[in-house]
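So the chains spell out like this:
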Amino acid sequence: MKLVLATRNLGKVKELTAMISAERRHKDVQILSLQDFPDAPDVVEDGDTYQANASKKATVIADFTGLRTLADDAGLEVNALKGAPGIHSKRWAGDDVTDDVRIQKLLEAIEGVTDRGARFVAAIALADPKKTHNNYSHKSDRVQVVIGRCEGHIINEPIGDSGFGYDPIFVPVGFDKTFAELGEEIKNRISHRGKALRSALKLL
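In this numbering scheme, every chain counts its residues from 1 along its sequence in written order. Confidence filtering applies because this is a predicted model: local features only for residues at pLDDT of at least 70, side-chain atom pairs given and counted only at 80 or more, and all residues used for totals across whole chains, interfaces and linings. For side-chain calculations, the full set of non-hydrogen atoms in the structure is used, while hydrogens and water are omitted.

Asks: Please explain the pairing of strand β1 (residues 2-5) as it appears in this structure.
Replies: Each regular strand displays side chains that alternate between the two surfaces of the sheet. Note that β1 and strand β2 (residues 30-33) share four bridges and pair parallel. Directly across from Val4, in β2, lies its bridge partner Leu32. Think of it this way: DSSP has to see at least two bridges between two strands before they count as a pair. Here a strand is any run of E in DSSP of at least two residues, a helix any run of H or I of at least four, and the numbering for each starts at the N terminus. Bridge count for β1 against strand β3 (residues 69-78) is two bridges, and the pairing is parallel. Paired with Val4 across the strands is Thr69, a residue of β3.

Listed below in structure tokens is the structure:
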């Protein structure tokens with residue numbers, strides 16, 4: 001079975017591929033990404049929830065490729081920022097900026113704040129391509145969405161060189177290392193995306 005990951009983010013492709021491949025019952029899944037579909041449309045993430053953005057990406061790409069598609073939308077919610085950057089995590093510091101710039105802006109925004117609590121939230125949508133002659137003709141009939149969360153806190157400076165995004169400043173509950181230090185195996189087991197993906201894979 002072919003499964004398209006609706007992303008061009010190589011870090012995300014690597015992470016999702018590793019998690020899917022680790023599931024024994026999904027060894028026969030051939031994983032593709034938008035790198036395999038250079039003409040795929042760019043999907044504007046204009047929803048007001050993680051679920052809406054993930055669903056939109058999954059259905060648009062499923063229709064374009066004609067293949068079952070998995071898409072995610074995730075964000076970091078910081079208590080001191082009243083849940084920001086949230087669904088705007090990728091663009092919060094501006095369009096097309098580096099992870100280092102995003103991290104620096106967030107650290108400056110909460111400098112001196114005592115409540116460093118935060119959580120990562122991920123929505124994963126699994127969509128079938130549109131088929132006009134069966135029950136999958138409507139979006140609501142052909143897409144399923146699951147949610148995963150990981151609680152933790154933000155540290156004062158980035159540590160670690162693995163992962164991507166805000167990983168170097170996020171320490172999950174029960175650990176004393178950042179996502180960027182824990183290594184792929186541990187992170188994938190406890191992360192928001194890992195939890196959501198395991199739920200999504202049951203739908204396959």
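Still more to cover.
Asks: What is the right way to look at the pattern of salt bridges in this model?
Replies: Pairing is possible between side chains that carry opposite charge, provided their charged atoms lie close to one another. By definition, a salt bridge exists where a carboxyl oxygen of Asp or Glu is found within 4 Å of a side-chain nitrogen of Lys or Arg. With the rule as written, the count across this model stands at 13 salt bridges. A salt bridge links Asp46 to Lys56, with the shortest nitrogen-to-oxygen separation between them at 3.0 Å. Linking Asp46 in the loop between β2 and α2 (50-65) with Lys56 in helix α2, this pair joins segments that are ten residues apart in sequence. Judged by its relative accessible area of 25%, Lys56 falls in the partly exposed class. Between Asp128 and Arg68 there is a salt bridge; the shortest N-O distance is 2.8 Å. Of this pair, Asp128 sits in the loop between β4 (117-127) and α4 (139-142) while Arg68 sits in the loop between α2 and β3, and the two are 60 residues apart along the sequence. A cluster of three or more residues bridged by salt bridges with shared partners is formed by Lys12, Glu15, Asp72, Asp167, Lys187 and Arg193. Per-residue accessibility, obtained with a 1.4 Å probe over protein chains only, is compared with the maximum for each type, and a residue is labelled buried under 20%, exposed over 50%, and partly exposed between these values.

Asks: Please clarify how the side chain of Thr7 should be interpreted in this entry.
Replies: Looking at the secondary structure, you find Thr7 in the loop between β1 and α1 (10-22). Contacts are residue-level and defined by heavy atoms, with any inter-residue pair within 4.5 Å sufficient. Setting aside residues up to four positions removed in sequence, Thr7 forms contacts with Lys12, Val13, Ser33 and Leu34.

Asks: Help me out: how do you make sense of the pairing of strand β5 (residues 143-154) in this one?
Replies: Pairing between β4 and β5: eleven bridges, direction antiparallel. By the bridge assignment, Ala122 is partnered in β5 with Gly148. Pairing geometry for β5 and strand β6 (residues 170-172), over three bridges, is antiparallel. Looking at the pairing, His153 lines up with Val171 of β6.

Asks: Before we go on, may I ask you to explain the packing of aromatic side chains in this structure?
Replies: Both the distance between ring centres and the angle between the ring planes are used here to describe each pair of aromatic rings. Ring geometry is summarised as follows: Phe, Tyr and Trp rings, the Trp one being its six-membered ring, pair when their centres sit within 6.5 Å, and such pairs are stacked at plane angles under 30 degrees, edge-to-face over 60 and tilted between the two. The full count for this structure, using the stated rule, is three aromatic pairs. Ring centres 5.7 Å apart and planes at 10 degrees place the aromatic pair Phe120 and Phe179 in the stacked group. Residue Phe120 is found in strand β4, and its partner Phe179 is found in helix α5 (residues 179-182); the two are separated by 59 residues along the sequence. Pair check on accessibility: Phe120 and Phe179 agree, each one buried. A centroid spacing of 5.1 Å and a plane angle of 55 degrees characterise the contact between Phe170 and Phe179, whose relative ring orientation is tilted. Note on Phe170: relative accessible area 0%, which makes it buried. Residue class for Phe179 comes out buried when judged on its relative accessible area of 1%.

Asks: Would you explain the environment of Ser21 in this entry?
Replies: Secondary-structure assignment places Ser21 in helix α1. Using a relative accessible area of 34% as the deciding quantity, one classes Ser21 as partly exposed. For the pair formed by Ser21 and Ile31, sequence separation is ten residues and the distance between their alpha carbons is 9.0 Å. Distance and chemistry together define a polar contact, namely a pair of N or O atoms within 3.5 Å, with one atom able to donate a hydrogen and the other to accept it when in protein, and with adjacent residues in sequence counting only for side-chain atoms on both sides. In this structure the side chain of Ser21 is engaged in a polar contact, spanning 2.8 Å, whose partner is the backbone oxygen of Thr17.

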